[in-house]
Amino acid sequence: MSSSLQTRTIPQLVAMKSQGEKLVVLTAYDYPSARLVDAAGVDAILVGDSLGMVVQGKPNTLAVSLDQMIYHAEMVARAAEHAVVVVDMPFPTFHLEKYRAVENAARCFQEAGVQAVKLEGGVERVDVIRAIVDAGMPVMAHIGLMPQSVHKMGGYRVQRDRDRLLEDAHAVEAAGAFSLVLECIPVDDAKEVTDAIGIPTIGIGAGPECDGQVLVFHDLLGLTPGRVPRHVKAYADLKTTITDAVCQFSNEVRENIFPNQDQSFQ
Ligand code: KIV
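Residues numbered from 1 in each chain as written. Predicted model: local features only at pLDDT ≥ 70, side-chain atom pairs only at ≥ 80, totals over all residues. Heavy atoms only, no water.

Across its full length, the chain carries eleven helices and eight strands. Judged by the C-alpha coordinates and their principal axes, the chain covers about 70 × 40 × 35 Å. Out of the 266 residues belonging to the chain, those deemed buried represent 48%. Taking the contacts inside the chain whose residues are at least 6 apart along the sequence as the reference set, 58% of them involve residues at least 24 apart. Across the chain, the mean location of the 23 positive side-chain charges is 4 Å away from that of the 34 negative side-chain charges. (Helix = DSSP H or I, 4+ residues; strand = E, 2+ residues; numbered from the N terminus. Buried < 20%, exposed > 50% of the residue type's maximum accessible area, 1.4 Å probe, protein only. Contact = heavy atoms within 4.5 Å. Lys, Arg positive; Asp, Glu negative; His and termini not counted. Charge placed at Lys NZ, Arg CZ, Asp CG, Glu CD.)

Another aspect to go through is helix α2 (residues 31–39). Listed as buried for α2 are Ser-33, Ala-34, Val-37 and Asp-38. In an axial view of α2, the angular spread of the buried residues amounts to 130°, which keeps them on one side of the axis. Of the exposed residues in α2, those oriented more than 90 degrees away from the buried face are Pro-32 and Leu-36. Here the buried face of α2 lies against β1 (23–27), β2 (44–47), α4 (66–79) and α10 (217–220). The positive-phi residue at the C-terminal boundary of α2 is Gly-41, with phi of around 95°. (Arc of directions from axis to C-beta.)

A few words on helix α11 (residues 238–254). If you check α11, its first and last C-alpha atoms are 24 Å apart, about what 17 residues at 1.5 Å a residue would give, namely 24 Å. Positive backbone phi, approximately 60°, marks Asn-256, located one or two places after α11. (Expected span 1.5 Å × (residues − 1).)

Quick look at the structure:
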């Protein structure tokens, strides 16, 4: 499958909007999963700071460090042959001072080998976005529900301030962002933002009118423990598949069925 896939670039992702082609984005956090996701033909792989929750088992994304993001992003970037690899800048690596943000973004390019960074925020982050883009590093912006601001937002809630969303979307586009994640906003607002700007919007919990969609790897595969949010669609039930396989292995060891002759050396 992988040999027929096109190697994606940032300008190609931007052009997909005007060509009416949907962008497919999925998260990945390690080498084997990134290889599978890349070979399946997604356009971009996001090394999201959601890894704080789905890989590290933390209650939110706030404790994820830049070193941890680089550790995961390096594996993903090494695995990806076709997809653009984007890494999330974790809290608070782009909040303190814009040149520190440029330095932190640069570490992602130099040490992990990604092609873009993503950062949360609208109007309040335009200086940082502009500085990173001016240094030659593409930025994917992210507005609506911003998980790094979970405490400020009072939880993981749908964001309904349409005027603010539009203002933020225009601001990040003007600052040079090449794409924009819209997380957990009403369908009509997502359509209005998508129609209003020239860069592609990538929705998660933002309905079908966005220029593309992103999901978290563990959610898509049915690996997420407990309740999953309404916007998630699980395309597989790997929790059951993995549990069944481990139970079968355990039974076979206990009943002396595994290993047999075929799995043994003479
Ligand atoms: O961290 C992440 O995985 C994200 C996506 C859900 C957009 O930001």
